[in-house]
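# Coordinate inspection notes
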Amino acid sequence: MGDLQKKLQDLSDDYQKLQGELSTAVEAREKLESQQQENTTVKKEFDILDDDADIYKQIGPVLLKQDKTEAVMAVNSRLEFIDKEIKRFEKQIKEIQEKSEKIKMDIIKIQSAAQQPQATAA
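For the protein, the name recorded in an unreviewed UniProt entry is Prefoldin, with Lojkania enalia as its organism. The Sequence similarities (unreviewed entry) field of the UniProt record for the protein holds the comment "Belongs to the prefoldin subunit beta family."

See the structure below:
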């Protein structure tokens, strides 16, 4: 009975650890989605602007004039990077969920196996 209890505790600890990892990964994905939305909005604004419009980039407390082509390229590359990161986190989330589900099923099996002898003893 002690072995079952230890295995159950280990699985429970693993499950809680995975839930923490899942929470962290979901938060990171949400942050990236927010950044993606901001950059998409900026890209839409750039599409509206004339080619000779003045664009300024804030670097620290200073605003520096930036070429529109350069600014558009920077936003596009940021969007590509964010998209790749979102996909990476989604894959990570899926893997964690699968591991978590497997551990959950193992816990249920052990709990039902532990209850079997108790039911027959009663």
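A few words now on the overall build of the protein. Counting its regular elements, the protein contains two helices and two strands. Along the protein, helices (α) and strands (β) appear in the sequence α-β-β-α when read from the amino end. Relative to a compact globule of 122 residues, whose C-alpha radius of gyration would be 14 Å, the protein shows 25 Å and is clearly more extended. Each of the 122 residues in the protein was classed as buried or not, and the buried ones make up 20%. The long-range fraction of contacts in the protein, counting pairs at least 24 apart against all pairs at least 6 apart in sequence, stands at 77%. In the form shown here, the protein has an accessible surface area of approximately 9300 Å², with 52% of it arising from carbon and sulfur atoms.

Take the layout of surface pockets next. Of the pockets and cavities examined, the largest pocket occupies roughly 210 Å³. Around the largest pocket sit 13 residues that line it, and Val42, Phe46, Lys57, Val75 and Arg78 are the ones nearest its centre. Of all the secondary structure elements, the ones that give two or more residues to the lining of the largest pocket are α1 (2-48), β1 (55-59) and α2 (68-121). Taken together, the residues of the lining of the largest pocket sort by class into seven nonpolar, three polar and three charged.

What follows is about the UniProt feature "coiled-coil region" (unreviewed entry) in the protein. Per the UniProt record, the feature "coiled-coil region" (unreviewed entry) sits at residues 1-45 and 72-106. Structurally, residues 72-106 is divided into 100% helix and 0% strand, and its ends, taken at the C-alpha atoms, are 51 Å apart.

Time to look at a nonpolar patch on the surface. A cluster of nonpolar side chains, Ile59, Val62 and Leu64, forms an exposed patch at the surface whose accessible area comes to about 250 Å². Exposure remark for isoleucine 59: the relative accessible area of 46% places this residue in the partly exposed category.

What counts and what doesn't
- Residues numbered from 1 in each chain as written.
- Predicted model: local features only at pLDDT ≥ 70, side-chain atom pairs only at ≥ 80, totals over all residues.
- Heavy atoms only, no water.
- UniProt positions renumbered as here; feature names shortened; annotations may be inferred.
- Helix = DSSP H or I, 4+ residues; strand = E, 2+ residues; numbered from the N terminus.
- Rg over C-alpha atoms; globule rule 2.2 N^0.38 Å.
- Buried < 20%, exposed > 50% of the residue type's maximum accessible area, 1.4 Å probe, protein only.
- Contact = heavy atoms within 4.5 Å.
- Areas by Shrake-Rupley, 256 points an atom, 1.4 Å probe, with all protein chains shown as cover.
- 1 Å grid on protein atoms, 1.4 Å probe; cavity = no way out; pocket = protein on both sides within 12 Å on 5 of 7 lines; lining within 4 Å.
- Points joined across faces, edges and corners; volume = space filled by probe spheres on them.
- Nonpolar A, V, L, I, M, F, W, Y, C, P; charged D, E, K, R; others polar.
- Patch = residues over 30% accessible without salt bridge, like charges linked within 9 Å, V, L, I, M, F, W, Y side chains within 5 Å.
- Salt bridge = Lys/Arg side-chain N within 4 Å of Asp/Glu carboxyl O.

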